[in-house]
Amino acid sequence: MKQVVISGSGLFTPPHSISNEALVESFNAYVDMFNLENAGLIEQGHVEPLSYSSSEFIEKASGIKHRYVMVKDGILDPEIMMPLILERGSDELSMQAEIAVEAAVMALKQADVKAEQIDLVIVACAYTQRAYPAMAIEIQRALGTRGYGYDMQVACSSATFAIVAAANAIATGSASRVLVINPEICSAQVNYRDRDSHFIFGDVATAMVLEEQSLVAANKGFNIVSSRCFTDYSNNIRSNFGFLNRCDPSSAHQADKLFHQQGRKVFKELLPMIYQHLDEHLAEQSLTPQSFKRLWLHQANINMNQFVVKKLLGDEVTPEQAPVVLDEYANTASAGSVIAFHKYSADFNAGDLGLLSSFGAGYSIGSVILQKR
C-alpha cells in the first residue's frame, strides 16, 4: 500500500468573537423576559422558571471562555437569539464554501501544492448548509481543483473519518492528492435559550492536504502510520433537523431540531468506549501512550479531555502534551482536533509521534497515528 502524508494544514478564524460574559448577559435577559411573561403559570406550578447562567458555570462545565462566529448579529438579542445569516443567491459563493476556501488556500500554501494538483475534495463536518449540490463540488469549482469531490458527515468525528477516507483513496490509487476540509458553522445549530448548551459551539474552518509520499518534498509533513474508526448508535447527542421536518408543521420549529444532548449519559457511556478504542489502536501498533510527543484531541469539553488524557498519561500531564484550544474557540465539532494539530505541530522532529483523535455524536470515535517525516 502507498504511504500517505499530511503535508499541509490550514485554519480560518471567523471575524467576530463572543465572550462568556456577553453570552451570559443576553441569556439572563431572556430568562427575565420568560419568567415575567409566564409568571402566572410559574406561580401555579404549570411552568418551570428558567435559571440564570454564569461565566463561572460555563467555564467549570466546559472549559470554554470564548468563541468565534461568522455572524454575530442576532445572537445576543434576547428577542432573537440566533445568528441573522442572510441567504445568498444560488450564483454566489455560499458562506460555508467561502470559509472552506480560506482554510484550503492556507493548507495548500503550507503543502506547496497548487489547487489544480488536487484530484479529490472531501468536505467533512457536522452540518452542511444544504443537501445538494455537494459543498465539496462548489469548493472544487471555487478553487479550481481537478477530479471529484463529496461531502460526508460523522458529527464531531467527521475530520478523522475523512482523513481515513482520503488516505484510502490515495492508497488504492483513486486519488493522488486530497483536500480534507472541515467548515463548521456551528453557531446556526445552537439553542441560545438553553442554559445547558447555549455556550458550547463556535464557528471555524480547517483543512488538510494529503498526498502520496513520492509527491512530497523530503522530510515535509507527517506520515499516517495507522488509523482506526468506530461507531455505535446513541441518541444522547442529537439534532433532528432535516427535510422531513417541513412535512410536520406542528413540530417543525421545536427545540429538538437544534443541538441537544444528555451530557451525563455521554460521559458515562462514551468515555469507556474512547479508552477501549485507543487502547486497542495503540496495542495494534505496539505503542504506549508514552510513545507520543503530543495528543491532538477533540475539543468538546475540558473535563472529558482531562479524563482521557489522565487515563492515558496519568496525572502529571503538561499543556504541551495535550494542548487545549476550546477555551478560545469553544467546541467546533469536527474541526477541534485539527485546530490543535495546526497550531501545535511545528516543533516536531523527524520520528516524533502524535495522536489525532476525535469522539462525539453517533457515537463515533476516530484516531490517526502520525509520525513526523
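Analysis parameters
- Residues numbered from 1 in each chain as written.
- Predicted model: local features only at pLDDT ≥ 70, side-chain atom pairs only at ≥ 80, totals over all residues.
- Heavy atoms only, no water.
- Buried < 20%, exposed > 50% of the residue type's maximum accessible area, 1.4 Å probe, protein only.
- Helix = DSSP H or I, 4+ residues; strand = E, 2+ residues; numbered from the N terminus.
- Pairing = 2+ DSSP bridges.
- Salt bridge = Lys/Arg side-chain N within 4 Å of Asp/Glu carboxyl O.

A. Broad picture of the pairing of strand E1 (residues 4-12). When you tally the buried positions in E1, you get nine out of nine residues, the bulk of the element. Pairing geometry for E1 and strand E7 (residues 203-212), over eight bridges, is antiparallel. Bridge assignment links valine 5 to a residue of E7, and that residue is glutamate 211. The pairing of E1 with strand E8 (residues 222-231) spans two bridges and is antiparallel. Its bridge partner lying in E8, isoleucine 6 is registered against phenylalanine 222.

B. Spotlight on the pattern of salt bridges. All chains considered together, the criterion is met by nine salt bridges. For arginine 146, the salt bridge is made with aspartate 119, and the minimal N-O distance between the two is 4.0 Å. Taken together, the positions of arginine 146 in the loop between helix H5 (135-143) and strand E5 (148-152) and aspartate 119 in the loop between helix H4 (95-111) and strand E4 (120-124) put the pair 27 residues apart, joining distant regions of the chain. Take arginine 146: its relative accessible area is 43%, and that puts it in the partly exposed class. Residue classification places aspartate 119 among the buried positions, given a relative accessible area of 11%. Between glutamate 280 and arginine 228 there is a salt bridge, with the nearest N and O atoms lying 2.5 Å from each other. Here glutamate 280 is found in helix H7 (residues 263-284), whereas its partner arginine 228 is found in strand E8, with 52 residues between them in sequence. Since its relative accessible area comes to 33%, glutamate 280 is described here as partly exposed.

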